[in-house]
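# Summary of the model geometry
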Amino acid sequence: QQQVKQSPQSLIVQKGGISIINCAYENTAFDYFPWYQQFPGKGPALLIAIRPDVSEKKEGRFTISFNKSAKQFSLHIMDSQPGDSATYFCAACRPYSGGYQKVTFGTGTKLQVIP
Amino acid sequence: DSGVTQTPKHLITATGQRVTLRCSPRSGDLSVYWYQQSLDQGLQFLIQYYNGEERAKGNILERFSAQQFPDLHSELNLSSLELGDSALYFCASSPRGGDYGYTFGSGTRLTVV
C-alpha cells in the first residue's frame, strides 16, 4: 500500500513535444504529491507539487494533473527542451502524528529530449 | 545551494573499510532521510530520523547504521564495505508539521575499490 508506481521507465521526446509521465498510488493517506527532477550526478530537486484537493497545477511549462478517484497523477512537460533531459521522480507523502512525514518515491523516468 | 550540506562529496575507499557520511539539514528542518542511488537506479530509502529519533527504516543493511545528533546533523556509517556499496548517497531534510519542504543535498559519491 506504500508503493507508488511510475511509468514509463524511459521516454524519448522530440524538442517542442509534450512529455507525459504517470504515477499511481494505493494509499489514500497520502496527501501531498511532489515531482522531483534529477540531473546526472546531482541531487533530486523539487519541481512542482500538488495536494489532492485540486485537479491540476501549472508552473510554466510543467503541469501536474491529479485524479483523486483513480488515485493517479501525471506530469506534463509542454514544449519539451533538451535542457529538460533528466530523470523525473514522482513521490507521495503522508503525515504521521508527531509532526513528521514519510515520503514514498516512484522508480523514476529517464527523459531524453532530442533536437 | 539547497541548504542541505553533505560531506564529503566524493569518497574512494577499499573493500572491508568503514566510512562515515555527514549531513547537515536545512536550517529549521527536524527530519533527515538517507537514500542510496546506484548507477541509473532509483532512490532506495535507507533510514529516517526526526528530531534525534529513528522514525523509519527502509532497505538498510546491517552493516550500515545512522544517527542524528542534538544539533540535528546526521551521520551514516557504512562498514565492511563491498564493491556493491558503490553508489550515490543522498541526504534529504524536511521541517516539522504540514510543510512538506523535502530538500535533497547534492550527495556523496562513494566508490569502493
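In every chain, residue numbers begin from 1 and rise along the written sequence. Written order determines the labels here, with chains lettered from A and ligands numbered from 1. The predicted origin of the model limits local features to residues at a pLDDT of at least 70 and limits the giving and counting of side-chain atom pairs to 80 or more, whereas totals for whole chains, interfaces and linings rest on all residues. Hydrogen atoms and water are omitted, and side-chain values are computed over all heavy atoms in the structure.

## Regarding the overall build of chain A
Assigned secondary structure in chain A consists of 0 helices and 11 strands. Secondary structure of chain A in N-to-C order comes out as β-β-β-β-β-β-β-β-β-β-β. Relative to the compact-globule value of 13 Å for 115 residues, chain A shows a C-alpha radius of gyration of 14 Å, a close match. Projected onto the principal axes, the alpha-carbon positions of chain A cover approximately 50 × 30 × 20 Å. Burial status across chain A gives 47% buried among its 115 residues. Where helices and strands are cited, they refer to DSSP runs of H or I of at least four residues and of E of at least two residues respectively, numbered from the N terminus. Our radius of gyration looks at C-alpha atoms and nothing else; its globule reference is 2.2 Å times the residue count to the power 0.38. Burial here depends on accessible area, computed with a 1.4 Å probe over protein chains only, as a share of the maximum for the residue type. Under 20% is buried, over 50% is exposed, and the range in between is partly exposed.

## A short note on the pattern of salt bridges
Put simply, a salt bridge is a Lys or Arg side-chain nitrogen that is within 4 Å of an Asp or Glu carboxyl oxygen. Scanning all chains against the criterion turns up 8 salt bridges over all chains. Shared partners join several salt bridges into a network, and the residues in it are Arg-63, Glu-82 and Asp-85 of chain B.

## Looking at the sheet that holds strand β1 (residues 5–7) of chain B
Residue and element names in this part refer to chain B. If you trace the 4 strands from one edge of the open sheet to the other, you get β1-β3-β8-β7, paired in antiparallel fashion. Looking at which strands have only one partner, the edges of the open sheet turn out to be β1 and β7 (64–68). Across this sheet, the average inter-strand angle for adjacent strands is 15°, counted without regard to direction. Criterion used throughout: strands pair if DSSP finds at least two bridges between them. Pairing analysis gives 5 bridges linking β7 to strand β8 (residues 74–78), with the strands arranged antiparallel. Looking at β8, one finds that Ser-65 is bridged to Asn-77. Here an angle of 0 to 180 degrees is reported between the N-to-C directions of two axes, which are lines fitted to C-alpha atoms, with helices fitted over the stretch in contact.

## Some details on the interface of chain B and chain A
Note on contacts: a residue pair is in contact if any heavy atoms of the two residues lie within 4.5 Å. With 26 residues of chain B at the interface, the matching set in chain A holds 22 residues. The term buried area denotes the loss of accessible surface (1.4 Å probe radius) that occurs when two parts are joined, taken as the sum for both partners. Interface of chain B and chain A: buried area, both sides summed, is about 1800 Å²; carbon and sulfur atoms make up 55% of it. If you sort the residues of chain B by the area they bury against chain A, Leu-43, Tyr-100 and Tyr-102 of chain B come out on top, with a joint share of 39%. Taken together, the connections running from chain B to chain A amount to 0 salt bridges.

## Section: the sheet that holds strand β1 (residues 4–7) of chain A
Residues and elements named next belong to chain A. What the 5 strands build is an open sheet, ordered β1-β3-β8-β7-β6; its pairing is antiparallel. Of all strands in the sheet, those with a lone pairing partner are β1 and β6 (56–59), marking the two edges. With direction set aside, neighbouring strand axes in the sheet form an average angle of 15°. Bridging between strand β7 (residues 62–67) and strand β8 (residues 72–77) involves 6 bridges; their strand directions are antiparallel. Directly across from Phe-66, in β8, lies its bridge partner Phe-73.

## As for the nonpolar core
Among the nonpolar cores identified, the biggest contains 24 residues, and Val-4, Phe-33, Trp-35, Phe-73, Leu-75 and Tyr-88 of chain A are the most heavily contacted of them. Only β2 (10–14), β3 (19–25), β4 (33–38), β5 (45–50), β7, β8, β9 (86–96) and β11 (109–114) of chain A provide two or more residues apiece to this core. Tallying contributions element by element places β9 of chain A first for this core, with 4 residues. Once residues within four sequence positions are removed from consideration, Leu-75 of chain A is found in contact with Ser-19, Ile-20, Ile-21, Trp-35, Leu-47, Ile-48, Phe-62, Thr-63, Ile-64 and Tyr-88 of chain A. Definition used in this section: a nonpolar core is a set of buried Ala, Val, Leu, Ile, Met, Phe, Trp, Tyr and Cys residues joined via side-chain atoms within 4.5 Å. One finds Leu-21, Cys-23, Tyr-89 and Leu-110 of chain B within the second-largest nonpolar core, a separate group that totals 20 residues.

## Focus: the pairing of strand β5 (residues 44–50) of chain B
Residue and element names in this part refer to chain B. Burial runs high along β5: 5 of the 7 residues are buried. Taken together, the 6 bridges between strand β4 (residues 31–37) and β5 define a ladder with antiparallel strand orientation. Bridge assignment links Val-32 to a residue of β5, and that residue is Tyr-49. Two strands pair when backbone bridges link them, and β5 and strand β6 (residues 53–57) are joined in this way by 4 bridges, in the antiparallel orientation.

## Details of the packing of aromatic side chains
Paired rings are identified among Phe, Tyr and Trp, the last through its six-membered ring, by centres lying within 6.5 Å, and are further divided according to the angle between planes into stacked (under 30 degrees), edge-to-face (over 60) and tilted (the rest). Overall, the coordinates contain 23 aromatic pairs over all chains when judged by the stated rule. Seen from their ring centres, Tyr-25 of chain A and Phe-73 of chain A are 6.2 Å apart, and the 55° between their planes marks the pair as tilted. Of this pair, Tyr-25 of chain A sits in strand β3 while Phe-73 of chain A is found in strand β8, placing the two residues 48 residues apart along the sequence. Look at Trp-35 of chain A and Phe-73 of chain A: their rings are 5.7 Å apart centre to centre, the planes differ by 70°, and that puts the pair in the edge-to-face class. You can see Trp-35 of chain A sitting in strand β4 and its partner Phe-73 of chain A sitting in strand β8, a full 38 residues away along the chain. Among the aromatic residues, ring-to-ring pairing joins Tyr-36, Phe-89 and Phe-105 of chain A together with Tyr-33, Tyr-35, Phe-45, Phe-90, Tyr-102 and Phe-104 of chain B into one connected group.

As far as function goes, none of this settles anything; it's purely spatial.
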